[in-house]
Each structure stands twice: as C-alpha cells, then as structure tokens.
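# Summary of the model geometry
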Amino acid sequence: MTLPPATYDCDPGLTDSEVVAFCRNGYLLLEGVVPNEINAKVQDYLGEDTYYEPTGILEQNWFVEEVICNDKAIGAIRCLLGHDFHLPVLMSNHRVQGPYNAVGGWHVDGNYRFSPEVQYLQVFYYPQDTPSEIGPTQVVPGTHLIPHKARFMGHLNAIRGVASTAAPAGSIFITVYQIWHRRGPAKAKALRNMLKYVYWRTKPPQRDWIREDDFDLATADFNTPANQFVEQFRGNAKAAEMFLWLCGEHETFQNVGGQSWPTPAHRLDKPYGLPEALSDS
Amino acid sequence: MDEGRQSVDELVARLHAGTLTEQGLRAAFAEAVKSNSGCQELLILEASDSSPASTINAFSHFKDGEPQVVADDPEQWPYQTPLAAVKDGWRITTFPEMALQIVAEEEWHGVGFRFVLERTSP
C-alpha cells in the first residue's frame, strides 16, 4: 500500500464536440466503466468502513488504479482539467437506506462558485447497480450555468428537465461542481453507496483534447438545457463562454448581442462576433 | 335540528318567520368560521415568465403541513400553468418578485417566476 501520486497525467479522452456537450449539460455519465470485481471489492470495503468520509480507500492501490484513475473517466477529466491535474484527497460516501421520498433536497454543494472557469470537478461513482428504485442522484442539466443559492432552493420539489443518473454498477459521472442536484426518491428497501470526490486543475486551460477536423466553432451547438429557465439564447452564451475558457481563450469571448455568435442561426457567412483565435478551428 | 348548518336563505326565512333564535344565529356563525379553518394548502409554482398563463418549470405542493410527492415528469403535474390551478380553486397570494430576476443583465437566479397559491384543505 502506497499513497497515490498527488497529480496525474494521461492521454485526453474527449473530443471538441464532447467538451462542448459537457459545457452545455454540466455533467457526463459514463456507464459501467469500472470492472465488476472492483465494484464488489469497493462494496466490501464500504461494508467495513461505514464512516461518511471513508478517505482511507484512497490508500488502496487497486481503488486508485481502477476507480480514481479509471481509463474511461480519467481521459475525460484530463480534457476538462488539463494535464497534471490533482487527484482527490478526500472521499465521501453518500450511504443511504431506502425507501424514502424525495420532496425537496435540491442543492448546490457548499462553497460553490458560479463561473465559466472549470478549476475542479466533482465526480460520483456507483459501486452497485443503481436503478431508479434505490435513489440515484438527480441533476438538472444546464443548471451549472444558473446562479442559485442552496438555501433559496428549500421549497423546490419537481423541476422540469430533471435527469436521473440511474446506471449500472461501475458507473462514474463527472459534474461541474455547482450543478443543481439531489438524492432521488427510492422505492426499494435497499442500502445505496455512492462515492463522491473532487479533482483539481493545476495548469492553465488550453485546447489540448482530441481535435475534430470538422469541428466548426461558428456552428457548434451551445444550446443548453439551461435555456428553458432563462432569457432566449442567454444559455448559449454561457455555455460558449465556458468552452472558450477551457480552450484558454476566455479573453476572446464576446457576446455583442442580437444575432451574433453564439446565437444559433442559418447564416451565409461566419457569424459576427466569432472569436478570431478559434474561427479557423 | 342543527341550526349551525343551515344556509343563509334558510336563516333569513326563519328570521322572517320569527323563529330564528340567538342560539341558532351563533351556531350558524360558528359553523361558518369552522368551515374555513382547515389546514392551509400551498402550491409554489415557478413559471417560465411573469404571466400566470405561462408554463410551470417547477412544482411544489404542501398539504396537511407536509411536503407532497410530485412526479418528476411535468406531464403528470396536475396543472401546467398557474391559471389552471386558479381554475381549480387555488388563489394566487404572491406574484413573482421581478427584482430578483434583474440582479444583473447577464445573470439569472433560480428556476423562474415564482407564484405562490393557497387554498384551505377540506
């Protein structure tokens, strides 16, 4: 048993379009990426360590290799946090016993910062099959772009556009920290473990993920689910700003208004306001 | 005969007939007050714009002093607009606070435009 390295690097696993999708939705669900024998081992570990912060699991090499540095997940994290990102140093377990209703509970996690910057990512891992019956986390896609305060959300119950993260064992979902989420309702009498941990950026952002030859920033789809809650096209601008920040081109972001970029439209030519730095991407 | 449960018309008829007693009148008023003293029921509806005819984006229901389970699927919500709830007997007590929507031109706060409605549970 050795302590995991503080930082980590690997090949990027997301394309331009996938990074844009993350900016639109605020989360990425990777189903069943952790092998079943590891999931079983994690369940055994959590049966022994029932503390809500079983941080000791981060000292288990098998866990670090197969979960924290999971091939599929880490490639995505590499794209969103840049190279040499910092690995988690704290593990939380949202261990809950069903059944229970969900009649509220929406929140953004503490010490949030609503910003186009992606300085850290909150990641969730299900070591067991987590169908809707045992209360998978619910998120509201796009709400990482909508400032809110947890204490102002106490009255909220059903929200249009909610998405369940119901998924098989070994699933990992990566979120922008400030996305609105809650524990979903659970009808089954079952114990649910869900591990939650955070990775950190250590380097300035740059567009060093997998480039697509046919990616065109002028026509990239920034139509985020956040648009259902806000003024028309405002969500597009927010998602585009986050993408430019991730590209290391935040200073080139502009929303000059009207039908300018990144407002979606069928145009004869490049949209007015398209950032020059990436206009030939 | 339960004088407290009589209708106004019946009470007036008894008044004209000279048969309405002080006890009967007091009982009728007591019953009227009692019928309006049930537990307050609340809907908190976050709509897509400031019109009570606009689409509901978030639905919360409180009844008998408890938050109620509401389906995740908006199609299953009992009302699709605040006005649909009004047609069903709910009364709007609070219109959206617009100031919260314009804290900054480039920023937004919350799900939408909050209507609070109430009625008295039977």
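About the cut-offs
Residues numbered from 1 in each chain as written. Chains lettered and ligands numbered in written order. Predicted model: local features only at pLDDT ≥ 70, side-chain atom pairs only at ≥ 80, totals over all residues. Core = buried A, V, L, I, M, F, W, Y, C linked by C-beta atoms within 7 Å. Buried ≥ 20, exposed ≤ 12 C-beta atoms within 10 Å, placed from the backbone. Contact = placed C-beta atoms within 7 Å. Helix = DSSP H or I, 4+ residues; strand = E, 2+ residues; numbered from the N terminus. Expected span 1.5 Å × (residues − 1). Axes fitted to C-alpha atoms, helices over the stretch in contact; angles between N-to-C directions. Parallel < 35°, antiparallel > 145°, perpendicular 65-115°, else oblique. Left-handed = near helix turned anticlockwise from the far one by under 90°. Nonpolar A, V, L, I, M, F, W, Y, C, P; charged D, E, K, R; others polar. Pairing = 2+ DSSP bridges. pLDDT = per-residue confidence, 0-100.

On to the nonpolar core, then. Judged by nonpolar contacts, the single largest core of 84 residues is most densely connected at Ile77, Leu80, Leu121, Ile172, Ile174 and Phe243 of chain A. With residues up to four places along the chain from it excluded, the contact list for Leu80 of chain A reads Phe22, Val118, Leu121 and Leu246 of chain A.

This paragraph deals with helix α5 (residues 234–246) of chain A. Residues and elements named next belong to chain A. Its 13 residues give α5 an end-to-end C-alpha distance of 19 Å, which sits within 8% of 18 Å, the value for a rise of 1.5 Å per residue. Summarising burial for α5: twelve of the 13 residues are buried, a large majority. Here α5 has its buried residues at Arg234, Gly235, Asn236, Ala237, Lys238, Ala239, Ala240, Glu241, Met242, Phe243, Leu244 and Leu246. At its buried positions, α5 is contacted by α1 (16–25) and α4 (71–81). Remark: Gly248 follows α5 within two positions and exhibits a positive phi of approximately 80 degrees.

Residues and elements named next belong to chain A. For the pair α1 and α5, the least separation of the axes is 8 Å and the interaxial angle reads 135 degrees. In this view, α1 runs oblique relative to α5, as classed from their interaxial angle. Pair α1 / α5 crosses with right-handed handedness. Here α1 contributes Val19, Val20, Cys23 and Arg24 to the contact with α5, which in turn contributes Ala239, Met242, Phe243 and Leu246.

Residue and element names in this part refer to chain A. Between helix α2 (residues 36–48) and helix α3 (residues 61–68), the shortest axis-to-axis distance is 11 Å and the interhelical angle comes to 125 degrees. In terms of axis orientation, α2 runs oblique to α3. By crossing handedness, the relation of α2 to α3 is classed as left-handed. Between α2 and α3, the contacting residues are Ile38, Lys41 and Val42 on the first element and Trp62, Phe63, Glu66 and Val67 on the second. A per-class count over the contact of α2 with α3 returns five nonpolar, no polar and two charged.

Once that is clear, we can look at the environment of Lys203 of chain A. All names here are of chain A. As for its placement among the helices and strands, Lys203 is situated in the loop between β13 (195–200) and α5. Using a count of 14 C-beta atoms within 10 Å as the deciding quantity, one classes Lys203 as partly exposed. Along the backbone, Lys203 and Asp84 are 119 residues apart, and their C-alpha atoms lie at a distance of 7.2 Å. Contacts of Lys203, omitting those with residues within four sequence positions, involve Gly82, His83 and Asp84.

All names here are of chain A. Along the chain, Tyr272 turns up in the segment after α5. Each C-alpha atom of the pair Tyr272 and Ala218 lies 9.4 Å from the other, and the pair is 54 residues apart in sequence. Excluding anything up to four places from it in sequence, Tyr272 contacts Val256, Ser260 and Trp261.

Before going further, it helps to spend a moment on the sheet that holds strand β9 (residues 163–164) of chain A. All names here are of chain A. Pairing in this open sheet of three strands is antiparallel, and the strands run β9-β7-β11 from one edge to the other. What marks the edges here is a single partner per strand, and that holds for β9 and β11 (181–183). Bridge analysis of strand β7 (residues 137–139) against β11 gives three bridges, and the strand direction is antiparallel. Following the sheet pairing, Thr137 is matched in β11 by Arg183.

To continue, consider the environment of Tyr27 of chain A. Residues and elements named next belong to chain A. Mapped onto the elements, Tyr27 comes out in strand β2 (residues 27–30). The spacing of Tyr27 and Gln122 is 95 residues in sequence and 9.4 Å in space, taken between C-alpha atoms. When residues no more than four places from it in sequence are discounted, the contact partners of Tyr27 are Val139, Pro141, Phe173, Ile174, Thr175, Val176 and Ile179.

Right, let's talk about the confidence of the model for chain B for a bit. Counting all residues, the mean pLDDT for chain B is 87, and 84% of those residues have values of 70 or more. For chain B, per-element mean pLDDT is lowest for helix α2 (residues 22–35) of chain B, which scores 83, and highest for helix α3 (residues 82–87) of chain B, which scores 98.

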